[in-house]
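Fold and contact review
The lines below spell out each chain.
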Amino acid sequence: MSAFWLAWRYIRYYRGRTAILIAAISLTIFLPLATRWMIESFRAKAMDRASKTPLVVGTKGSRFAVALHSLYFRGESPTPMKYAEVERLKAFKLAELIPLHSRFRTRDHAIVGTIPAYFANRQLGLSSGDPMSRYGDCVVGASAAIRLSVKHGDSLLSESENLFDLSGAAPLRMRVTGILKESGTADDDVVFCELETAWIMEGIGHGHALKNEDSGEHSHEASRQNLSQHQEVTDENLRSFHFHGSKAEYPITAIIAVPESDRSATLLQGKYLEADQQYQIIRPLDVIDELMEVVGRVRGLFDIGMLGLAIITCLLVALVLLLSLRLRQREMRTMFLLGCNRGRIVQIVGAELTIVVLTSLAVALIAAGLLATTAESLMLRLL
Amino acid sequence: MIRISNLRYSYGSSGFQLSIPRLEVTATAKVGIVGPSGSGKSTLLNLISGAKVPNDGEIVVGDLSVSSMSDSQRRNFRASRIGFVFQDFELLDYLTVEENVLLPFGINSHLKFGQEQRELLESLAGQAGIAGKLNRRPEQLSQGERQRVAICRALITAPKIVLADEPTGSLDPQTAQEVLNLLIDQVSKHSATLLMVTHDHSQLHRLDRTIDMAQFLGSPVGSRVTDSQSREVSP
């Protein structure tokens, strides 16, 4: 019977009280550790994503809102900008421009309208199905596909902007043509469609019967004749979909700019120096870094609180240990009378404490490790 | 043989003082130790086992002088030569019956457990009527069975002396009788010496002799307990 064996038997027999002790110690270790790891993991992933998004153009206002919206499609929809800004920047030939439109959602997942260059820039590939080929098609991020329980060939309905606004844009049923490979980024939680599909959801583009099918003459008599607009793009009604007004006026929510060089980036940033500019250009890396500094300062305060909690827990564990030794005085006395030396008794109690502390440490490390792996999505929910 | 000479033991500010000019117990004798509460019955057992050290005098067990041993020598002496039986059994709840009986081997590295001890365990368990309960925990046993386990634990190291401190004090009369029979039978079988503290004078006739501790108390307390001495000792 080794000291560890006796200690193990004791712990196993009094598993209830041991479990409480382990839970208390684990929690004390877990909380600061999990917070630290979670923040570090989030920081690494956030900085990585930000570094792959060199510049973002958005409406003036909070830089954090523009960064979070363009990187993670989170938060309130920003004030829309006009597509004309894309065309204005294109003329400078300084960067590849990727417009984003993210105002609509489907069952709590953002619907992001963009162009094929986005997928190339983010290195997103399909795990199944095909790329989008027409209006009304969408490809779904890996996590979103699981949560929405969809596969290619299924359909997804966009949500109305406002349930009580009957004159607002009607929901559009989208055809899921493919599922994206898991990327471990915010793209996994998103439903992507073409920019034009997002504009159809906006009500700028729509499909309905033409006055003269053969000539293709466009008339809106259909609505006056109480004929409903198409809520889904099909092979049959595809030709009836059309857009009104100038494309330059169409809304987008951000533009990702991938400059050709540092010089191009600087020149592009220079285009937004005028005070009367209604748009701003940000470097997501700087914004996320700044955000992380704020998070770091909050964590510092949290760490102080945790230190206090750790001291209290240590004192309570010491108290529990002392009370336990007091309760076990007779047991110790019996062992002593049976010839056990005091060193051996200390070994047994020490072994018990070691098992409890090591188990607590293992529980805390495993729990913190598991939590850290899901840090990004958890932190995003907090943002 | 146990031989005590000119022993003096006192502790604390309680005024307790035990003074034994001369006391001898022959080997294999079964001795009852009686006396009022606080008269030093348990203290005497602790002194003989080496758990307590006298202020003065000598305790010799066999050819070993316990009072002049070092701490570790007394511990080894206690582990190999002494068997203890307590009033409240003092079994460890978290061990099985078998593990409790074998505990002395588990906590004393110099005691070796082999085939001989395995056979002794089986023999003791069979005679104590706990052979079928070796895998149970103490809480699953009756009071009498627990004391039987404690007796087996006391004898598993084949000690020369068994010190029993009110071994039947927590048992009903019938169970007490059965346990006492077992204790005396086993001690006799193992040719050990038994020193048994008891308040139950009806048990004394089963023993070879009785030691009244009141006679060894120092004057501060002794004068007080001497009054009750006759009540305690007379059967």
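Relevant structure appears above.
These lines cover the structure that appears in this document, whether it is placed above or below. (Residues numbered from 1 in each chain as written. Chains lettered and ligands numbered in written order. Predicted model: local features only at pLDDT ≥ 70, side-chain atom pairs only at ≥ 80, totals over all residues. Heavy atoms only, no water.)

1. Quick notes on the overall build of chain B
- Counting its regular elements, chain B contains 8 helices and 9 strands.
- When its C-alpha atoms are laid out on the principal axes, chain B stretches across 50 × 40 × 30 Å.
- Across the 235 residues in chain B, those meeting the buried criterion constitute 56%.
- The long-range fraction of contacts in chain B, counting pairs at least 24 apart against all pairs at least 6 apart in sequence, stands at 72%. (Helix = DSSP H or I, 4+ residues; strand = E, 2+ residues; numbered from the N terminus. Buried < 20%, exposed > 50% of the residue type's maximum accessible area, 1.4 Å probe, protein only. Contact = heavy atoms within 4.5 Å.)

2. Here's the deal with the overall build of chain A
- For chain A, the count of helices and strands is 13 helices and 14 strands.
- When the 383 residues of chain A are sorted by exposure, 45% land in the buried category.
- Long-range pairs, those at least 24 residues apart, make up 78% of the contacts in chain A between residues at least 6 apart in sequence.

3. Focus: the pattern of salt bridges
- On inspection of all chains with the given rule, the structure shows 26 salt bridges over all chains.
- The partner of R328(A) in a salt bridge is E352(A), and the shortest N-O contact between them spans 2.6 Å. Taken together, the positions of R328(A) in the loop between α10 (284–327) and α11 (329–337) and E352(A) in helix α12 (residues 342–373) put the pair 24 residues apart, joining distant regions of the chain. Comparing R328(A) with E352(A), the two get one shared label, buried.
- E24(B) is the partner of R22(B) in a salt bridge, and the nearest nitrogen-oxygen pair spans 2.7 Å.
- The exposure class assigned to R22(B) is exposed, which follows from its relative accessible area of 56%. (Salt bridge = Lys/Arg side-chain N within 4 Å of Asp/Glu carboxyl O.)

4. Brief notes about the interface of chain A and chain B
- On the chain B side, the residues contacting the 21 residues of chain A number 23 residues.
- Each partner contributes to the roughly 2200 Å² buried at the junction of chain A and chain B, and carbon and sulfur atoms together form 59% of this total.
- The three residues of chain A that bury the most area against chain B are Y13(A), L337(A) and L338(A), which together make up 31% of that side's buried surface.
- For the pair chain A and chain B, the interface holds 3 salt bridges.
- As a salt-bridge pair, R330(A) and E90(B) come within 2.5 Å of each other at their nearest N and O atoms.
- At the boundary of chain A and chain B, one finds 9 residue pairs in polar contact (both at pLDDT 80 or more).
- For the side of chain A that touches chain B, the class distribution of residues is 11 nonpolar, 3 polar and 7 charged. (Buried area = accessible area lost by both parts, 1.4 Å probe. Polar contact = N/O pair within 3.5 Å; in protein donor to acceptor, adjacent residues only side chain to side chain. Nonpolar A, V, L, I, M, F, W, Y, C, P; charged D, E, K, R; others polar.)

5. Describing the side chain of D137(A)
All names here are of chain A.
- On the secondary structure map, D137 appears in strand β6 (residues 137–140).
- Exposure remark for D137: the relative accessible area of 0% places this residue in the buried category.
- Among the polar contacts listed, one links the side chain of D137 to the backbone nitrogen of S133, at a separation of 3.0 Å.

6. Some words on the environment of D56(B)
Residues and elements named next belong to chain B.
- Note that D56 resides in strand β4 (residues 56–61).
- We classify D56 as partly exposed; its relative accessible area is 43%.
- Spatially, the C-alpha atom of D56 lies 9.7 Å from that of S10, the residues being 46 residues apart in sequence.
- Discounting residues that sit within four places of it in the chain, D56 has contacts with N6, L7 and R8.

7. Things to note about the sheet that holds strand β1 (residues 2–11) of chain B
All names here are of chain B.
- The strand order β2-β1-β4-β5 describes an open sheet built from 4 strands, whose pairing is antiparallel. A strand with exactly one partner marks an edge of an open sheet, and here the two such strands are β2 (16–25) and β5 (64–65).
- Here β1 runs beside β2; their pairing, made up of 9 bridges, is antiparallel. Residue pairing in the sheet places Y11 in a bridge with F16 of β2.
- This element, helix α1 (residues 41–49), spans β1, β2 and β4 of the sheet and lies at about 120° to β1. (Pairing = 2+ DSSP bridges. Axes fitted to C-alpha atoms, helices over the stretch in contact; angles between N-to-C directions.)

8. Observations concerning the sheet that holds strand β7 (residues 161–165) of chain B
Residues and elements named next belong to chain B.
- Read across the open sheet, the 5 strands follow the order β6-β7-β8-β3-β9; overall the sheet is parallel. If you trace the sheet from one side to the other, it starts and ends with β6 (82–85) and β9 (209–212), each paired once. On average, each strand axis in the sheet is tilted by 20° relative to the strand beside it, whichever way the strands run.
- Of the pairings in the sheet, the one linking strand β3 (residues 30–34) to β9 comprises 4 bridges and is parallel in character. Bridge assignment links V34 to a residue of β9, and that residue is D212.

9. Structural notes on a nonpolar patch on the surface
All names here are of chain A.
- Taken together, W37, L358, L361 and L365 make up a surface patch of nonpolar side chains, about 340 Å² in accessible area.
- Considering each element in turn, the nonpolar patch owes the most residues, 3 residues, to α12.
- Mapped onto the elements, L361 comes out in helix α12. (Patch = residues over 30% accessible without salt bridge, like charges linked within 9 Å, V, L, I, M, F, W, Y side chains within 5 Å. Areas by Shrake-Rupley, 256 points an atom, 1.4 Å probe, with all protein chains shown as cover.)

10. Examining the packing of helix α5 (residues 115–128) of chain B against helix α6 (residues 143–155) of chain B
All names here are of chain B.
- Orientation of α5 relative to α6, taken along the N-to-C sense of each, is 150°, at an axis distance of 10 Å. Regarding the angle of α5 to α6, the classification is roughly antiparallel. Between α5 and α6 lies a crossing of right-handed hand. Contact residues: L120, L124, A125 and A128 in α5; R148, C152 and L155 in α6.
- In terms of residue class, the contact of α5 with α6 is built from 6 nonpolar, no polar and 1 charged. (Parallel < 35°, antiparallel > 145°, perpendicular 65-115°, else oblique. Left-handed = near helix turned anticlockwise from the far one by under 90°.)

11. Some details on empty space enclosed by the protein
- Inspection of the entire model under this criterion finds 1 cavity of 30 Å³ or more.
- Around the largest cavity sit L337(A), L338(A), R78(B), A79(B), I82(B), G83(B), F84(B), P104(B), R153(B), A154(B) and T157(B), which together line it.
- When residues of the lining of the largest cavity are traced back to their parent elements, those giving at least two are α2 (71–81), β6 and α6 of chain B.
- Among the elements that make up the lining of the largest cavity, the one with the highest residue count is β6(B) (3 residues). (1 Å grid on protein atoms, 1.4 Å probe; cavity = no way out; pocket = protein on both sides within 12 Å on 5 of 7 lines; lining within 4 Å. Points joined across faces, edges and corners; volume = space filled by probe spheres on them.)

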